[in-house]
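# Fold and contact review
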Amino acid sequence: MNIIFTLVLSLSTILLILNNPDAVLSAFLDGGEKALNLSLKLVVVYAVWLGIFEILRRTELDKKLSKLLKPINKFLFGKTSEDANNFISMNLSANMLGISGATTPLGINAISELEKEQNSYYKTAMFFVLNATSVQILPSSVIALRSSMGSISSGDIIIPSILSTLVSTVVGIILVKIFIKKS
């Protein structure tokens, strides 16, 4: 992948130098500035949500959330340990809030716990499908991106996002249940 990226960057830089030499430096600086601004805005969104999830963990509200989601997790994954159930619940909750980039630590912990259990192939496959399709009730990252790009109504994405992710999640769950058998 790095080779492809390097080739595309090199080729486009050469073409830009041949076409408009004055624009090369300004294009690099402008692109870097936009990337930095966007990254800072997303870091703020992720920091807020990760802070909220840390507060949930320290106040043990994550355990209450995991008890709420336990019937759903049992249907999807079968019997799981309490730790795995907590991490899965927190990960799915974060995905529902649309902060998928901030769910990575929770996902890694959930996978680590699921791999210790029986039938781990099925459980990890289901977990990956749920993460890839993740029902998003509040697509925070997309709203933040739209807002940072000057969208007048950045929240218009909520209903289409809920519908499309709901359909993709249901289809993903059905496919895992059909093609990957529990042992």
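See the structure above.
What counts as what
- Residues numbered from 1 in each chain as written.
- Predicted model: local features only at pLDDT ≥ 70, side-chain atom pairs only at ≥ 80, totals over all residues.
- Heavy atoms only, no water.
- Helix = DSSP H or I, 4+ residues; strand = E, 2+ residues; numbered from the N terminus.
- Buried < 20%, exposed > 50% of the residue type's maximum accessible area, 1.4 Å probe, protein only.
- Core = buried A, V, L, I, M, F, W, Y, C linked by side-chain atoms within 4.5 Å.
- Contact = heavy atoms within 4.5 Å.
- Polar contact = N/O pair within 3.5 Å; in protein donor to acceptor, adjacent residues only side chain to side chain.

## Observations regarding unusual backbone geometry
Residues other than glycine seldom take positive phi values, yet Glu 60 does so here, at roughly 60 degrees. Residue position: Glu 60 is located in the loop between helix 2 (23–58) and helix 3 (61–77). Residue classification places Glu 60 among the partly exposed positions, given a relative accessible area of 46%. For Asn 119, which is not glycine, the phi dihedral falls at a positive 60 degrees. Locating Asn 119 in the fold gives a position in the loop between helix 5 (104–115) and helix 6 (120–133). Its relative accessible area of 17% is what places Asn 119 among the buried residues.

## Let's talk about the nonpolar core
By size, the foremost hydrophobic cluster in this structure holds 16 residues, and its most contacted members are Leu 76, Phe 77, Ile 88, Leu 114, Met 126, Phe 127 and Leu 130. For this core, the elements supplying multiple residues, two or more each, are helix 3, helix 4 (82–96), helix 5, helix 6 and helix 8 (158–179). When residues in this core are grouped by element, the largest group, five residues, is from helix 6. Non-local contacts of Leu 76, meaning those with residues more than four positions away in its chain, are made with Tyr 122, Met 126, Leu 130, Ile 173 and Lys 177. Trp 49, Met 90, Ile 99 and Ala 144 belong to the second-largest nonpolar core, a separate cluster that totals nine residues.

## Concerning the side chain of Thr 13
Tracing the chain through its elements places Thr 13 in helix 1 (residues 2–19). By relative accessible area, which is 18% here, Thr 13 ends up buried. Of the polar contacts made by the side chain of Thr 13, one reaches the backbone oxygen of Leu 9; its length is 2.7 Å. Apart from residues lying up to four places away in sequence, Thr 13 is in contact with Val 24 and Phe 28.

## With respect to the environment of Thr 104
The residue Thr 104 is located in helix 5 in this model. A relative accessible area of 43% places Thr 104 in the partly exposed class.

Functional significance is not addressed by these values, which are geometric in nature.
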